[in-house]
Amino acid sequence: MTDTDYDVVIVGAGPAGSCAAIEAARAGLRTLLLERGPFAGSKNMYGGVVYPRILDDLIPEWWQQAPIQRWVTRRSTMILTDNQSLSVDFRNDAWAAPPYNGATAYRPEFDRWLADHAVAAGATLLCDTTVTGLLRDTSRRSGGRVTGVRTDRPDGDVTASVVIACDGVNSFVAKEAGLYGTPNAKNFTLGVKETLSLPKQVIDERFGVRGREGVDIEIIGCTGGVNGGGFVYTNLETIAVGVVLKLTKLAAQKTRPEEIIAAMKRHSAIAPLVEGGELHEYSAHLIPEAGLSMMPEMTGNGLLVAGDAAALCLAAGIWLEGVNFAIASGMYAGQTAVEAIADGDVSQRGLGGYARRLSDTFVLRDHRKLRRAPQLVLSDRVQHLYPSMITGIAERMFRVDNPLAKPGLRRIFHEERKRAGVHLRGLVRDGHDAFRSFG
Amino acid sequence: MTDRNPLWPEISFSDRMDTVEFKVSEKPHIVVDGKVCADCSTRACIVACPADLFVPTSDGGILFNYEQCFECGTCYLVCDNEGAISWSYPEGGFGVVFRST
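Now for a look at the structure at hand. All values derive from a computational prediction rather than experimental measurement.

Let's talk about the overall build of chain A
Then comes step 1: Within chain A, the regular secondary structure consists of 14 helices and 19 strands.
Then comes step 2: What you see for chain A is a C-alpha radius of gyration of 23 Å, in line with the 22 Å of a compact globule of 439 residues.
Then comes step 3: Taking the principal axes of the C-alpha coordinates as reference, chain A spans close to 90 × 50 × 40 Å.
Then comes step 4: With 439 residues in all, chain A has 60% of them scored as buried.
Then comes step 5: The long-range share in chain A, meaning contacts at least 24 apart out of those at least 6 apart in sequence, stands at 72%.
Then comes step 6: Summed over its atoms, the accessible surface of chain A is roughly 17,700 Å², and 51% of this surface lies on carbon and sulfur atoms.

Here it is, written out as structure tokens:
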């Protein structure tokens, strides 16, 4: 296999690509990491929190050097109606010290830092380079094996034993390889975000944190008629506020994404947090939202797919994760390439270790466990009916309506359920689904 | 939503997009077939594109800019007219450059 330009070519220097490159380069493989942006991370945006514990083995004590904005010590889940809010707010002091839990970070900084580790491990990082197609061995014996990539550079063909596609949510590489069916808008959400400048002291006071402590607030019921959710989280000297919108619902109505953010910002529960924040950067990105049900074939002949390109994004209501899945799948793809090249078999069968690694770890275990969650969270009931019922129950419980005596909780529940238009049968079914998913 | 007066300035859409860095290529990475769009009744791209790149014209067509594109992919996914939007990534080194995202 030494007649190739490289042993491994990795498409995309996001977290998946860089971690694949770290594994491959550390094992001594000739590794090329291609990035279409001017630097790693320049095309990347997310809804705010990275959970980097998966890096413990790859980059020991990563927290000493990772470009982190704040350590998340407070996370809230907030349910909004037009003029009410109900929050479950959790704070944990231990998350402010190693090994930490979640962190906010700017992806252009975080992803670039990971790519630097790939370079330090011996990989070649080539930016400003868009992959435009796959090279294949057309001989009958090889079964159409992928043998490299075509780039938009002059004489830009690069051959390799294994190609790893980490080219993001729109993965043209996985599509060209035939691993994806026709993409369907119903499987995707659009994330739209404003990064707002505020002085650090103002952020600390508003969000009740100090030093490098940070807050992540996930919100439901804040996106008008479009199914989705919202978020507010703290960076060091900016806050980020945004929404995640189901594409098919967004397309079927008349309110634009930035107007949906504006409406959420005006809510009495959100406005005091974001007031005075000056727009520092506006951004948008797609999210592969549907989990297990939309995942492509992840192993081809000479080809592996990782990260968002493999739809490895967990959008399960209270758990919103992606970077950790990208890191893990990238690592496992890198390890599998090393193993297959050593064994001299880079066919689909030779690369079979990848599926095993994904299947035996949180990468697919979490997705299998939560396979019903994305659909449930974005259902009309969870989006539009339950918030009204839940805040209605809270209002009745906390309202002192003297001279009337307090109604019993059972009566409140039934009256508010009916008022909100929630059918008992559907509620029981969703509760069962939620219990099976989350329990 | 409440009528609470927001204490932040209204920002025009062009000022909003000016907060984002773009290295604009000479070559458009999205090609829109105006003939298909003229017959389209849904026009989901107009409301869904977060960069507001699709603008209806008075003669019933759709005007399109590729310069300030987030490269998100929303337009081709919501477009239900076969072949109206041909979408690829910009050539290497060009397009959106995020900084604090």
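Considering helix H6 (residues 257-266) of chain A
Then comes step 1: Of all 10 residues making up H6 of chain A, 7 are buried, and the element is well covered by its neighbours.
Then comes step 2: Within H6 of chain A the residues assigned to the buried category are Pro 257, Glu 258, Ile 260, Ile 261, Ala 263, Met 264 and Lys 265 of chain A.

Structural notes on the packing of aromatic side chains
Then comes step 1: Per the stated rule, a full pass over the model turns up 17 aromatic pairs over all chains.
Then comes step 2: A ring pair is formed by Trp 71 of chain A and Tyr 100 of chain A, whose centres lie 3.5 Å apart and whose planes are at 15 degrees; its orientation type is stacked. In this pair, Trp 71 of chain A is assigned in strand E4 (residues 70-81) and Tyr 100 of chain A in the loop between strand E5 (84-91) and strand E6 (102-104), connecting sequence segments 29 residues apart.
Then comes step 3: Judged by its relative accessible area of 14%, Tyr 100 of chain A is buried.
Then comes step 4: Each member of the aromatic cluster is reached from another via a ring pair, and the members are Tyr 282 of chain A together with Phe 13, Phe 22, Phe 70 and Phe 98 of chain B.
Then comes step 5: Over the aromatic face of Phe 39 of chain A sits the side chain of Arg 112 of chain A, whose NZ or CZ is 4.4 Å from the ring centroid.
Then comes step 6: Sitting above the plane of the Tyr 282 of chain A ring, Arg 16 of chain B keeps its charged end 4.7 Å from the centroid.

Observations regarding unusual backbone geometry
Residue and element names in this part refer to chain A.
Then comes step 1: A cis amide bond, omega 5 degrees, links Pro 98 with the succeeding residue Pro 99.
Then comes step 2: Note that Pro 99 resides in the loop between E5 and E6.
Then comes step 3: Cis geometry marks the peptide bond from Asn 402 to Pro 403, where omega comes out at 10 degrees.
Then comes step 4: With respect to the helices and strands, the residue Pro 403 is situated in the loop between helix H12 (380-398) and helix H13 (409-420).
Then comes step 5: Its identity as a non-glycine residue notwithstanding, Ala 311 has a phi of 60 degrees, on the positive side.
Then comes step 6: Checked against the element boundaries, Ala 311 lands in the loop between strand E17 (303-305) and strand E18 (314-316).
Then comes step 7: Given the relative accessible area of 0%, Ala 311 is considered buried.

Things to note about empty space enclosed by the protein
Residues and elements named next belong to chain B.
Then comes step 1: Evaluated as defined, the whole model comprises 3 cavities of 30 Å³ or more.
Then comes step 2: What the largest cavity holds in volume is close to 110 Å³.
Then comes step 3: Lining the largest cavity are 14 residues; nearest its centre among them are Cys 40, Arg 43, Cys 45, Cys 79 and Asn 81.
Then comes step 4: Considering only enclosed or pocket space, the second largest cavity measures out at about 80 Å³ in volume.
Then comes step 5: As for the second largest cavity, its lining consists of 14 residues, of which Cys 49, Leu 53, Cys 69, Cys 72 and Cys 75 are closest to the centre.
Then comes step 6: Of the residues assigned to the lining of the second largest cavity, the class counts are 11 nonpolar, 2 polar and 1 charged.

Thoughts on the nonpolar core
Then comes step 1: In terms of nonpolar packing, the biggest core is built from 159 residues, with Leu 55, Phe 110 and Ile 164 of chain A together with Phe 54 and Phe 70 of chain B touching the most fellow members.
Then comes step 2: When near neighbours in sequence (up to four residues on either side) are disregarded, Phe 70 of chain B contacts Tyr 282, Ser 283 and Ala 284 of chain A together with Met 17, Val 20, Phe 22, Pro 50, Ala 51, Val 96 and Phe 98 of chain B.
Then comes step 3: Judged by nonpolar contacts, the second largest core, of 11 residues, contains Ile 220, Leu 376, Ile 412 and Ala 420 of chain A.

Brief notes about the pairing of E5 of chain A
Strand residues, when the strand is regular, have side chains that alternate between the two faces of the sheet.
Residue and element names in this part refer to chain A.
Then comes step 1: Of the strand pairs in this sheet, E4 and E5 are connected by 8 bridges, and their pairing is antiparallel. Each residue of the ladder has a partner; that of Leu 80, found in E5, is Ser 85.
Then comes step 2: A loop of 2 residues connects E4 with E5, the two strands running antiparallel in sequence.

Side note on the pattern of salt bridges
Residue and element names in this part refer to chain A.
Then comes step 1: For the structure on display, the rule yields 24 salt bridges over all chains.
Then comes step 2: A salt bridge links Asp 157 to Arg 150; its shortest N-O distance comes to 2.7 Å.
Then comes step 3: Of the residues examined, Asp 157 reaches a relative accessible area of 34% and is grouped as partly exposed.
Then comes step 4: Using a relative accessible area of 42% as the deciding quantity, one classes Arg 150 as partly exposed.
Then comes step 5: Ionic pairing is found between Arg 399 and Asp 401, a salt bridge with its closest N-O pair at 3.2 Å.
Then comes step 6: Overlapping salt bridges, with partners in common, bring together Arg 396, Arg 411, Glu 415, Glu 416 and Arg 419 in one network.

About the thresholds
Residues numbered from 1 in each chain as written. Chains lettered and ligands numbered in written order. Predicted model: local features only at pLDDT ≥ 70, side-chain atom pairs only at ≥ 80, totals over all residues. Heavy atoms only, no water. Helix = DSSP H or I, 4+ residues; strand = E, 2+ residues; numbered from the N terminus. Rg over C-alpha atoms; globule rule 2.2 N^0.38 Å. Buried < 20%, exposed > 50% of the residue type's maximum accessible area, 1.4 Å probe, protein only. Contact = heavy atoms within 4.5 Å. Areas by Shrake-Rupley, 256 points an atom, 1.4 Å probe, with all protein chains shown as cover. Phe/Tyr/Trp six-rings, centres within 6.5 Å; stacked < 30°, edge-to-face > 60°. Lys NZ or Arg CZ within 6 Å of the ring centre and 35° of its normal. 1 Å grid on protein atoms, 1.4 Å probe; cavity = no way out; pocket = protein on both sides within 12 Å on 5 of 7 lines; lining within 4 Å. Points joined across faces, edges and corners; volume = space filled by probe spheres on them. Nonpolar A, V, L, I, M, F, W, Y, C, P; charged D, E, K, R; others polar. Core = buried A, V, L, I, M, F, W, Y, C linked by side-chain atoms within 4.5 Å. Pairing = 2+ DSSP bridges. Salt bridge = Lys/Arg side-chain N within 4 Å of Asp/Glu carboxyl O.

These values are about where atoms sit, not about what they do.
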